[in-house]
Amino acid sequence: MTSFKDEQIAGLAASGWARCGPVAEAVARARLPAVTAGYLAAAFPGESWAAAERAVLALRGHFASARFAEEITYGILLVPDAGRLDTRRPMPPSVRAGQLGEPAGDVFDDRLPPGVLGVEGGRPWTMVATVTGAYGPSLGSHHQVVSAPAAAFTVAGADTRALMIRRLWGARVLQGGRDLPDCEANARWTFTLFPGEGLTGGLAESGTVLKGKVRFRLGKPDRGIGSARVAPAIAIP
C-alpha cells in the first residue's frame, strides 16, 4: 500500500511545478530547487510528512459535511518563497501558455493590495495542507465565512481562514499545470474566495479562470452562491 508521503511526492513531482514546461522554467528562473521526488524526500523530514498527513485527514474530516464535500481533493500544496516567485501577482503570458494552451496575460484588478503572505519566508518551498483539486468546499459568502464562529473553521488548533489567501490560490493554479482549479473548462465553473485577505473598498477578493484567462478579482462580499468556494489550509512546520 502506498504511503501518504510517497503518494504526495509522486503527485507533486508530476505537478505543474515539474511537468508543465513554462511553469518549471519560471521555477528555475526564480532559482528555486526543482520539484523532484528526490528533492522532496530530502527537503522535508519524516515528521513534516507525518504532520502533513494528520492535517489533511483533519481537514477532510472537519469539512466532510460541507456542500460539495464529495468532489474535494485535499493534499499538499507547495508554496514558493515570495521573494523568489510571488504567486500573489500576475504571471507572465509565457507561463500561462503552458497552462492555457496559448499566451494569455492574467486579469488583475489594479485596486488589489499587495496581499497577505500567510506563511513565513526563508525556505524555498513551504508545504501547506489544503485543497489541491479543482474545487473547494462551498461554505457561504465572504461575509458568512468571516463572521462564522471560530470553531467552524478551526482544525488541529489552526483557524483555517487565515490562509484562505491569494498567495495560496496563485500557487495552486501553478501547481495544477494544465489541470486548473476554478476553471470554466472543468465539469463545473467555480471561483475561490480569499477571506484571509479582508475587504478592499468594501469588495471581496477571489480567483477564477474564465474566458481563457487567470483572473484575480474583486466582487460583492455577500455573494454566497454554490460557485463560491474556499480553500481551508494549514501550514506544515
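Refer to the preceding data block for the structure.
Residues numbered from 1 in each chain as written. Predicted model: local features only at pLDDT ≥ 70, side-chain atom pairs only at ≥ 80, totals over all residues. Heavy atoms only, no water.

Participant: Help me understand the overall build of the protein, please; the structure alone is not making it clear to me.
Facilitator: Tallying secondary structure elements over the protein gives 8 helices and 11 strands in all. Relative to the globule expectation of 18 Å for 237 residues, the C-alpha radius of gyration of the protein, 16 Å, shows essentially globular dimensions. Seen through its principal axes, the protein has C-alpha atoms that stretch 45 × 40 × 35 Å. Counting across all 237 residues of the protein, residues that qualify as buried make up 52%. Put simply, of all contacts in the protein between residues at least 6 apart along the chain, 78% involve residues at least 24 apart. For the protein, the accessible area works out to roughly 10100 Å², and carbon and sulfur atoms hold 54% of it. On the protein, the mean spot of the 26 positive side-chain charges and the mean spot of the 21 negative ones are 3 Å from each other. (Helix = DSSP H or I, 4+ residues; strand = E, 2+ residues; numbered from the N terminus. Rg over C-alpha atoms; globule rule 2.2 N^0.38 Å. Buried < 20%, exposed > 50% of the residue type's maximum accessible area, 1.4 Å probe, protein only. Contact = heavy atoms within 4.5 Å. Areas by Shrake-Rupley, 256 points an atom, 1.4 Å probe, with all protein chains shown as cover. Lys, Arg positive; Asp, Glu negative; His and termini not counted. Charge placed at Lys NZ, Arg CZ, Asp CG, Glu CD.)

Participant: Any chance you could explain the sheet that holds strand E1 (residues 74-80) here in plain terms?
Facilitator: Within a sheet, neighbouring strands are paired by backbone hydrogen bonds and run either parallel or antiparallel to one another. One open sheet accounts for 3 strands, arranged E1-E3-E11; its pairing is antiparallel. In the strand order of this sheet, the two ends are held by E1 and strand E11 (234-235), each with one partner. By the bridge criterion, 2 bridges tie strand E3 (residues 125-131) to E11 in an arrangement that is antiparallel. Within E11, the residue paired with Ala129 across the bridge is Ile234. Sitting on the sheet, helix H8 (residues 166-176) touches E1 and E3, and the angle it makes with E1 is about 105°. (Pairing = 2+ DSSP bridges. Axes fitted to C-alpha atoms, helices over the stretch in contact; angles between N-to-C directions.)

Participant: I keep staring at the side chain of Thr200 and nothing clicks. Help me out?
Facilitator: Among the structural elements, Thr200 can be located in strand E7 (residues 199-200). The residues contacting Thr200, other than those within four sequence positions of it, are Arg111, Pro113, Glu205 and Leu218.

Participant: Looking at this structure, how should I read the pairing of E1?
Facilitator: For a regular strand, side chains alternate in direction, first toward one face of the sheet and then toward the other. Counted residue by residue, E1 has 7 buried out of 7 residues, so it is predominantly covered. Bridge count for E1 against E3 is 7 bridges, and the pairing is antiparallel. Looking across to E3, one finds that Pro80 is bridged to Trp125.

Participant: Would you explain the environment of Lys213 in this entry?
Facilitator: Relative to the assigned elements, Lys213 resides in strand E9 (residues 213-219). With a relative accessible area of 30%, Lys213 lands in the partly exposed category. For the pair Lys213 and Gln99, spaced 114 residues apart in sequence, the C-alpha separation works out to 10.0 Å. The residues touching Lys213, leaving out its near neighbours within four places in the chain, are Leu100, Ala104, Gly105, Val107 and Thr208.

Participant: Looking at this structure, I do not really get helix H5 (residues 46-62). What am I missing?
Facilitator: Because each turn of an α-helix spans 3.6 residues, side chains separated by three or four positions end up pointing in the same direction. The terminal C-alpha atoms of H5, which comprises 17 residues, lie 24 Å apart, in line with the 24 Å expected from a rise of 1.5 Å per residue. When we look at burial in H5, the residues that qualify are Ser48, Trp49, Ala51, Ala52, Ala55, Val56 and Leu59. Mapping the buried residues of H5 onto a view down its axis gives an arc of 160°, with all of them on the same face. Away from the buried face of H5 by more than 90 degrees, exposed residues Glu47, Arg54 and Gly61 are located. (Expected span 1.5 Å × (residues − 1). Arc of directions from axis to C-beta.)

Participant: Teacher, can you tell me more about the side chain of Arg172 here?
Facilitator: As for its placement among the helices and strands, Arg172 is situated in helix H8. Residues in contact with Arg172, not counting those within four places in the same chain, are Leu77, Val131, Thr132, Gly133, Ala134, Tyr135, Gly136, Pro181, Asp182, Thr192 and Ala231.

Participant: I would appreciate a short explanation of unusual backbone geometry in the present structure.
Facilitator: A negative phi angle characterises most non-glycine residues, just as the trans form characterises most peptide bonds. Phi at Phe68 takes a positive value of approximately 70°, unusual for a residue other than glycine. Along the chain, Phe68 turns up in the loop between H5 and E1. Even without glycine at this site, Ala156 takes up a positive phi of about 55°. One can find Ala156 in the loop between strand E4 (154-155) and strand E5 (158-159). A relative accessible area of 68% means that Ala156 is categorised as exposed.

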